[in-house]
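# Architecture at a glance
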Amino acid sequence: MYFRRSIRWPIILGVVLIVLVVTLTVGWVIVSASAALKSEHAGFYWALLAVGATFLLLVLVGVVIYLVLSVKAIRLNQRQSNFIDAVTHELKSPIASLKLYLQTLTRHQVTAEQQADFQQFMLDDLQRLDRLIDHLLDAARLEHAQLANDFADVSLDELLVRSARLACERYRMPEEIFQFRLESATVRGRSADLEIIFLNLVDNALKYSGENPKVEIEIHRDGNGHVTARIGDNGPGIPANLRRKIFGRFVRVGNELERKTAGTGLGLYIVRTLIKRMGGRIQVRNKPDGHGTIFEVELPAAS
């Protein structure tokens with residue numbers, strides 16, 4: 001609701017200004033044209049009409065551009081605010097958890113089993129902080145140019161299986177939640193970037209699945225030199241009006257302060273940027289039954 005209220009008044013003001021400018025332009029053209037038809041100096045009036053109409057048209061264009069830029073700036077500020085909230089939460093939660101476990105180990109006697117559990121929990125918190133830092137570094141790295149001579153042939157089917165296993169280890173889930181339909185396929189790109197892409201997509205599929213996660217991973221090759229990978233989950237799906245916006249920087253669906261899943265709103269932005277640099281594309285759609293989302297990645301096949 002805050003987001004909608006924050007852009008409502010600039011839009012209303014912009015529309016009112018546009019209506020006023022259009023009304024003024026039409027009225028002035030009608031009056032000037034009538035005067036020109038009745039005057040002996042018709043040429044002068046027609047020239048004045050052309051000049052005035054041109055200036056009014058420029059004013060109208062300026063108002064429209066100002067409105068568009070204002071709305072974009074407000075949306076960017078809102079996304080940045082969400083990003084700050086997300087990063088603050090992602091930093092404070094594991095740090096508070098680490099502090100609690102360390103204080104418990106320092107001040108109280110615990111059994112060997114409890115100590116092992118605490119150590120595992122602290123390791124999980126450190127990995128969470130590490131992933132956050134990696135996301136921030138990856139987003140910063142996107143500002144630099146990528147050299148094509150860094151590209152190599154990468155086995156996509158092996159990479160997807162490896163990404164799924166890493167995700168299962170991270171969330172302590174059985175590998176049986178993944179269903180694979182893979183063709184042997186090799187793509188051209190940077191191995192590190194491809195790992196970032198599919199680790200993010202697999203991670204999202206697990207985070208946003210339902211109570212009983214089920215992730216489907218497919219690979220298909222076509223005859224046009226492309227390889228398509230599909231990653232589907234059984235979550236609530238993504239509304240149609242947000243499927244393009246989720247690839248923007250700092251964008252996350254919903255209210256940041258009420259969110260249950262971790263994240264910064266950078267993952268899909270990084271994914272789309274890396275895919276475009278490799279000459280590929282990514283699309284998102286809901287499953288036909290409406291239960292779940294499918295991310296479809298198309299990449300150039302290795303020659």
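Residues numbered from 1 in each chain as written. Predicted model: local features only at pLDDT ≥ 70, side-chain atom pairs only at ≥ 80, totals over all residues. Heavy atoms only, no water.

## Quick word on the sheet that holds strand 5 (residues 226-232)
If you trace the five strands from one edge of the open sheet to the other, you get 2-4-5-7-6, paired in mixed fashion. For this open sheet the edge positions go to strand 2 (178-181) and strand 6 (281-286), each flanked by a neighbour on one side alone. Sheet twist, expressed as the mean angle between neighbouring strand axes with direction ignored, is 15 degrees. Two strands pair when backbone bridges link them, and strand 6 and strand 7 (residues 293-300) are joined in this way by six bridges, in the antiparallel orientation. Paired with Arg 285 across the two strands is Ile 294, which belongs to strand 7. (Pairing = 2+ DSSP bridges. Helix = DSSP H or I, 4+ residues; strand = E, 2+ residues; numbered from the N terminus. Axes fitted to C-alpha atoms, helices over the stretch in contact; angles between N-to-C directions.)

## Describing the pairing of strand 5
For strand 5, the tally of buried residues reaches five of seven residues, placing the bulk of the element in the interior. Across six bridges, strand 4 (residues 215-221) lies against strand 5 in antiparallel orientation. Counterpart to Glu 218 in the pairing with strand 5 is Arg 230. Counting the residues that bridge the hairpin from strand 4 to strand 5 gives four residues, and of these Gly 225 lies at a positive phi of roughly 80 degrees. Pairing of strand 5 with strand 7, which is carried by seven bridges, proceeds in the antiparallel orientation. Counterpart to Val 227 in the pairing with strand 7 is Leu 299. (Buried < 20%, exposed > 50% of the residue type's maximum accessible area, 1.4 Å probe, protein only.)

## Description of the confidence of the model for the protein
Scored by pLDDT, the protein comes out at a mean of 78, with 80% of its residues at no less than 70. Within the protein, the element-level pLDDT minimum falls on helix 1 (residues 2-38), averaging 68, and the maximum on strand 5, averaging 93. Confidence drops under a pLDDT of 50 for residues 1-5, and excluding neighbours within four residues, the segment shows three contacts in the predicted structure. Predicted confidence is poor over residues 255-259, with pLDDT under 50, and the contacts of this stretch with residues over four places away or in other chains come to eight contacts. (pLDDT = per-residue confidence, 0-100. Contact = heavy atoms within 4.5 Å.)

## Points about the pattern of salt bridges
Following the criterion strictly, the structure yields 14 salt bridges and no others. The closest approach of N and O atoms between Glu 195 and Arg 162, which form a salt bridge, is 3.7 Å. Separated by 33 residues along the polypeptide, Glu 195 in helix 5 (residues 191-207) and Arg 162 in helix 4 (residues 156-171) bring together distant segments of the chain. Using a relative accessible area of 39% as the deciding quantity, one classes Arg 162 as partly exposed. Here Arg 230 makes a salt bridge to Glu 218, at a shortest N to O gap of 3.9 Å. One end of the pair, Arg 230, is in strand 5; the other, Glu 218, is in strand 4, with twelve residues separating them in the sequence. Arg 230 sits in the partly exposed class, given a relative accessible area of 23%. (Salt bridge = Lys/Arg side-chain N within 4 Å of Asp/Glu carboxyl O.)

## Here's the deal with the packing of helix 5 against helix 6 (residues 267-277)
Two elements in contact, helix 5 and helix 6, have axes separated by 9 Å at closest approach and are oriented at 140 degrees. Considering the angle they form, helix 5 stands oblique to helix 6. For helix 5 against helix 6, the interelement crossing comes out left-handed. Residues Asp 193, Ile 196, Ile 197, Asn 200, Leu 201 and Asn 204 of helix 5 touch helix 6, and the partners they reach there are Gly 267, Leu 268, Ile 270, Val 271, Leu 274 and Ile 275. Its residues assigned to classes, the contact of helix 5 with helix 6 shows eight nonpolar, three polar and one charged. (Parallel < 35°, antiparallel > 145°, perpendicular 65-115°, else oblique. Left-handed = near helix turned anticlockwise from the far one by under 90°. Nonpolar A, V, L, I, M, F, W, Y, C, P; charged D, E, K, R; others polar.)

## So, the packing of helix 4 against helix 5
Look at helix 4 against helix 5: their axes get within 9 Å of each other, and the N-to-C directions meet at 45 degrees. Here helix 5 runs oblique to helix 4, going by the angle between their axes. Considering the relative orientation of helix 4 and helix 5, their crossing is right-handed. Residues Leu 156, Leu 159, Leu 160, Arg 162, Ser 163, Ala 164, Leu 166, Ala 167, Cys 168, Arg 170 and Tyr 171 of helix 4 form the contact with helix 5, whose own contacting residues are Leu 194, Glu 195, Phe 198, Leu 199, Val 202, Asp 203, Leu 206 and Lys 207.

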